[in-house]
Amino acid sequence: HHYGVAAASCAQVKGLRMMEAAAAARLPPAAEIFAAGETALLQAIAIRSRMGPGAADLLLPLSIAARAELYYCAASANSRGAGAFDGESRESLVKRSIELNRDAVAKLEAAGFGDSIECATVMKDLGKVLGFGGGYEEAREVLARSLSIHRRLLGERHVRTANVERLSRYG
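Just so you know, the residues in each chain are numbered from 1, in the order the chain's sequence is written. Local features in this predicted model are restricted to residues of pLDDT 70 or higher, and side-chain atom pairs are both shown and tallied only at a pLDDT of 80 or more, whereas totals for entire chains, interfaces and linings draw on every residue. As a rule here, side-chain values come from all non-hydrogen atoms in the structure, and water together with hydrogens is ignored.

Draft legend 1. Highlighting the overall build of the protein. Per the convention used, a helix needs a DSSP run of H or I reaching at least four residues, while a strand needs a run of E reaching at least two, with both numbered from the N terminus. Secondary structure summary: the protein contains eight helices and zero strands in total. Sequence-ordered secondary structure for the protein, helices as α and strands as β, is α-α-α-α-α-α-α-α. The buried label applies to any residue whose accessible area, calculated with a 1.4 Å probe on protein chains only, is under 20% of its type's maximum; exposed applies above 50%, and partly exposed to all values in between. Within the protein, the proportion of its 171 residues that are buried is 35%. Using a 1.4 Å probe, accessible areas were evaluated by the Shrake-Rupley method; residue-level cover was limited to the displayed protein chains. Put simply, the protein shows about 9800 Å² of open surface, and 58% of that area lies on carbon and sulfur atoms.

Okay, here's the thing in structure tokens:
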């Protein structure tokens, strides 16, 4: 009886492995996935940069921040050997993400959105990438600003506030 259970379990495990392998074979390589994401975000940035004042003041920086997040995700994936962006180095992708996040924050602040939850969210992402890249001191500074805005606008107990608080412990 026990042998039959063990054989059935082994067959189930082999079946699951075969299904996982088949599913993985259908997925495009990371380089294709990230390239498609970048293409879509570049199109969104182009569209939003042509919008009139007001809409573009908020939406354009958020599209830039979304592109920054794509580079952060690619850096994280490449640190695990994914080969996103033709295997571009983790450090290079982190640098691009930081630059884009800084640009998005600057644009939001220049348009008067510096104390908005949108800007605080981009600051959170900037702090996260800075910490991921080893810039713990600057990460803590940026995350402290983000946390202050999150607390003021969403409250101490909000899940997004808690996330920024958790990220603030870099170093």
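Draft legend 2. Focus on helix 7 (residues 136-154). Helices are assigned an expected span. That span is 1.5 Å times one less than the residue count. Taking 1.5 Å as the rise per residue, helix 7 with 19 residues should run 27 Å; its terminal C-alpha atoms sit 25 Å apart, in good agreement. By the burial criterion, the buried members of helix 7 are A139, V142, L143, S146, L147, I149 and H150. A contact between two residues is defined here by any heavy atoms of the two lying within 4.5 Å. Next to the buried residues of helix 7 lie helix 6 (117-132) and helix 8 (159-167).

Draft legend 3. Region of interest: the nonpolar core. F34 and F85 are the most contacted members of the largest nonpolar core, which has 34 residues in total. If you list the elements that add at least two residues to this core, you get helix 2 (30-49), helix 3 (55-78), helix 4 (84-87), helix 5 (90-110), helix 6 and helix 7. Among the elements that line this core, the one with the most residues is helix 3, at ten residues. In this structure F85 touches A31, F34, E38, L70, Y71, A74 and L93, once residues within four positions along its chain are discounted. To define a nonpolar core, start from buried Ala, Val, Leu, Ile, Met, Phe, Trp, Tyr and Cys residues and group those joined through side-chain atoms within 4.5 Å.

Draft legend 4. Quick peek at the environment of L130. Inspection of the secondary structure assignment puts L130 in helix 6. Separated by 32 residues in sequence, L130 and I98 place their C-alpha atoms 6.8 Å apart. Here L130 is in contact with I98, R102, G135, E138, A139 and V142, once residues within four sequence places are set aside.

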